[in-house]
Amino acid sequence: MVKLSLELIARATSGYTKKKKDETLPQFVGRLTHIYMENKNIDDVGDCLSLCRNLTVLYLYDNHLNNIPCLANSSGLTHLYLQNNNISIIEHLSSLQHLQKLFIGGNTITVVEGLEKLDKLQELHIENQRLPIGEQLLFDPRTLQALGRNLQVLNVSGNHLTSLSDLKQLPNLTHLMAAENELNDMKELTQLLVLWTFLTKLDLSGNPLCQRTKYKDRVIVLGKNLEMLDGKSITDTARQFLVNWQANRDENRKKLEEIRIREDSFASFPNTYTGTELPPLKSIPARLKGVGGYIMPGMQRRQFDEILAKSSVTDNDKPRNGILRAKFGRGRILRMGVPESAPLYRLPRPLSVESIHLSHSARRHKT
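Residues numbered from 1 in each chain as written. Predicted model: local features only at pLDDT ≥ 70, side-chain atom pairs only at ≥ 80, totals over all residues. Heavy atoms only, no water.

As annotated in an unreviewed UniProt entry, the protein carries the name Protein phosphatase 1 regulatory subunit 42-like isoform X1 and comes from Biomphalaria pfeifferi.

Here is the structure:
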């Protein structure tokens with residue numbers, strides 16, 4: 001393992017910054033802005049970085065650090081790369097008031113916390129943490145609330161997440177990478193997409209959610225500003241097609257709902273008529289007082305036919321040639337018959353009292 005030293009820092013430059021002849025080593029280190037110490041097997045930083053007062057970019061990824069180094073004197077730091085170490089707690093960062101990008105993926109962090117003072121943080125990469133079996137990455141609400149003002153890019157891929165509901169406090173997100181998790185709630189994603197109005201890139205590949213029917217179509221329609229989904233670009237033509245398709249679908253659903261409401265209203269309307277008895281008697285004009293019977297004005301043909309079909313008919317009363325006939329006795333109808341074999345649609349028009357009276361008079365004259 002390697003402990004950081006001033007000599008190692010002096011050699012970890014880009015080559016554009018060189019030590020002057022009359023310059024001491026602490027002075028040279030003090031004016032460095034970029035330090036490249038990635039993959040150096042460093043496990044102890046010590047106090048050497050306290051001399052780097054002009055530091056803006058620090059590369060410490062792919063080492064063996066157990067803690068985030070103290071960078072209190074490097075308040076001008078804007079980019080910090082700490083991925084693939086053994087860091088378990090986010091700490092010692094409150095003094096970095098100008099930090100814009102923090103890369104801390106591939107560690108053993110279980111809780112996203114300690115970032116309340118980073119008012120200018122725009123990117124947070126905390127993907128692929130080596131978490132205990134059965135656990136997922138957690139978020140401190142205070143940290144999320146503080147980051148919600150400026151955070152635009154968030155990478156939480158590979159952290160066994162089952163929900164993204166905590167991220168609703170980040171309304172200014174433009175890029176969200178949440179691939180290779182355990183997300184499966186489409187309703188929750190729908191609600192979040194409504195809040196993330198600035199989102200242009202979204203990666204959810206490798207989640208069970210991606211196997212849902214019409215998953216991509218629904219996400220594209222809801223994410224009005226999305227330019228990339230799961231690593232693939234979204235064309236304007238595809239978006240317009242899906243928007244039109246969704247509009248037609250919503251319109252059809254609305255029409256079906258209106259029809260259902262009307263049907264339910266009609267079904268709930270009280271209907272006391274059972275179809276097994278004749279409608280109530282109506283007053284008969286004086287000129288027809290001699291003929292008894294029912295007057296059924298306005299009754300539908302089908303309803304009248306069903307009533308006739310349910311009437312009992314004896315063999316002697318069966319009419320010939322499928323014609324509805326009536327027997328008379330002393331000016332009154334005694335019985336009406338309808339052929340059992342005659343289909344209902346072939347029955348004649350319902351008889352009125354007036355036609356019955358005329359038929360009875362004709363028979364009397366004939367006799």
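There's more to say after this.
A. Seen up close, the overall build of the protein. What the protein contains, in helices and strands, is eight helices and 16 strands. Counting all 367 residues of the protein, 37% fall into the buried class. Of all intrachain contacts in the protein linking residues separated by at least 6 positions in sequence, the fraction that spans at least 24 positions is 42%. Of the roughly 22,200 Å² that the protein leaves accessible, carbon and sulfur atoms contribute 50%. (Helix = DSSP H or I, 4+ residues; strand = E, 2+ residues; numbered from the N terminus. Buried < 20%, exposed > 50% of the residue type's maximum accessible area, 1.4 Å probe, protein only. Contact = heavy atoms within 4.5 Å. Areas by Shrake-Rupley, 256 points an atom, 1.4 Å probe, with all protein chains shown as cover.)

B. Seen up close, the pattern of salt bridges. Taken as a whole and judged by the stated rule, the model has five salt bridges. As a salt-bridge pair, Lys-101 and Glu-123 come within 3.5 Å of each other at their nearest N and O atoms. With a gap of 22 residues between them, Lys-101 in strand E6 (residues 101–103) and Glu-123 in strand E8 (residues 123–125) connect regions that are remote in the sequence. For Lys-101, a relative accessible area of 24% translates into the label partly exposed. (Salt bridge = Lys/Arg side-chain N within 4 Å of Asp/Glu carboxyl O.)

C. Local environment of the side chain of Asn-181. Counting through the fold element by element, Asn-181 comes out in the loop between strand E11 (175–177) and helix H4 (186–195). In this structure Asn-181 comes out as buried when scored by relative accessible area, which is 5%. Polar contacts involving the side chain of Asn-181 include one to the main-chain amide nitrogen of Leu-161, which spans 3.0 Å. For Asn-181, the contacting residues outside a window of four places in its chain are Val-156, Ser-157, Gly-158, Asn-159, His-160, Leu-161, Gly-206, Asn-207 and Pro-208. (Polar contact = N/O pair within 3.5 Å; in protein donor to acceptor, adjacent residues only side chain to side chain.)

D. Spatial organisation of the packing of aromatic side chains. Scanning all chains against the criterion turns up four aromatic pairs. On the numbers, 4.5 Å between centres and 15° between planes, the contact of Tyr-59 with Tyr-81 is stacked. Placement of Tyr-59 in strand E4 (residues 57–59) and of Tyr-81 in strand E5 (residues 79–81) is noted, with a sequence separation of 22 residues between them. This pair shows no difference in class: Tyr-59 is buried, exactly as Tyr-81 is. (Phe/Tyr/Trp six-rings, centres within 6.5 Å; stacked < 30°, edge-to-face > 60°.)

E. Examining H4 more closely. Within H4, the full set of buried residues consists of Met-186, Glu-188, Leu-189, Leu-192 and Leu-193. Seen from one end, H4 has its buried residues packed into an arc of 150°, which puts them on one side. Structural note: H4 exposes Lys-187 and Val-194 on the side pointing more than 90 degrees away from its buried face. Residues of H4 that are buried make contact with strand E12 (201–203) and helix H5 (215–222). For H4, the capping residue at the N-terminal end is Asp-185, with a side-chain oxygen 3.1 Å from the backbone nitrogen of Lys-187. (Arc of directions from axis to C-beta.)

F. Representation of the sheet that holds strand E2 (residues 34–36). In spatial order, the strands read E2-E4-E5-E6-E8-E10-E11-E12-E13-E14; together these ten strands make up an open sheet with mixed pairing. The sheet terminates laterally at E2 and strand E14 (232–233), the two strands that pair on one side only. With three bridges joining them, E4 and E5 adopt parallel strand pairing. Bridged to Tyr-59 within E5 is Tyr-81. (Pairing = 2+ DSSP bridges.)

G. Main features of the packing of H4 against H5. At a minimum axis distance of 9 Å, the contact between H4 and H5 shows a crossing angle of 20°. Here H5 runs roughly parallel to H4, going by the angle between their axes. Crossing handedness for the pair H4 and H5: right-handed. Each of Met-186, Leu-189, Thr-190 and Leu-193 in H4 lies in contact with H5, whose residues at this interface are Tyr-215, Arg-218, Val-219 and Leu-222. In the contact of H4 with H5, the residues fall into six nonpolar, one polar and one charged. (Axes fitted to C-alpha atoms, helices over the stretch in contact; angles between N-to-C directions. Parallel < 35°, antiparallel > 145°, perpendicular 65-115°, else oblique. Left-handed = near helix turned anticlockwise from the far one by under 90°. Nonpolar A, V, L, I, M, F, W, Y, C, P; charged D, E, K, R; others polar.)

H. Just unusual backbone geometry, in detail. Even without a glycine there, the phi angle at Asn-128 is positive, about 55°. Tracing the chain through its elements places Asn-128 in the loop between E8 and strand E9 (138–139). Here the phi dihedral of His-160 falls at roughly 60°; this positive angle occurs in a residue that is not glycine. Of note, His-160 is situated in the loop between strand E10 (153–155) and E11.

I. Geometry of the side chain of His-79. Inspection of the secondary structure puts His-79 in strand E5. On the basis of relative accessibility, which here comes to 18%, the residue His-79 falls in the buried class. Setting aside residues no more than four positions away along its own chain, His-79 makes contact with Thr-56, Val-57, Leu-58, Leu-99, Gln-100 and Lys-101.

J. Layout of the confidence of the model for the protein. The predicted model of the protein has a mean per-residue pLDDT of 80, with 71% of residues at 70 or higher. Note on residues 331–335: pLDDT is under 50 here. Beyond four places in sequence and across chains, it has 18 contacts. (pLDDT = per-residue confidence, 0-100.)

K. Main features of the environment of Trp-196. With respect to the helices, strands and loops of the structure, Trp-196 is situated in the loop between H4 and E12. As a C-alpha pair, Trp-196 and Leu-222 span 26 residues in sequence and 9.9 Å in three-dimensional space. Ignoring any residue separated from it by four or fewer positions in sequence, one finds Trp-196 in contact with Leu-167, Leu-170, Pro-171, Leu-173 and Leu-176.

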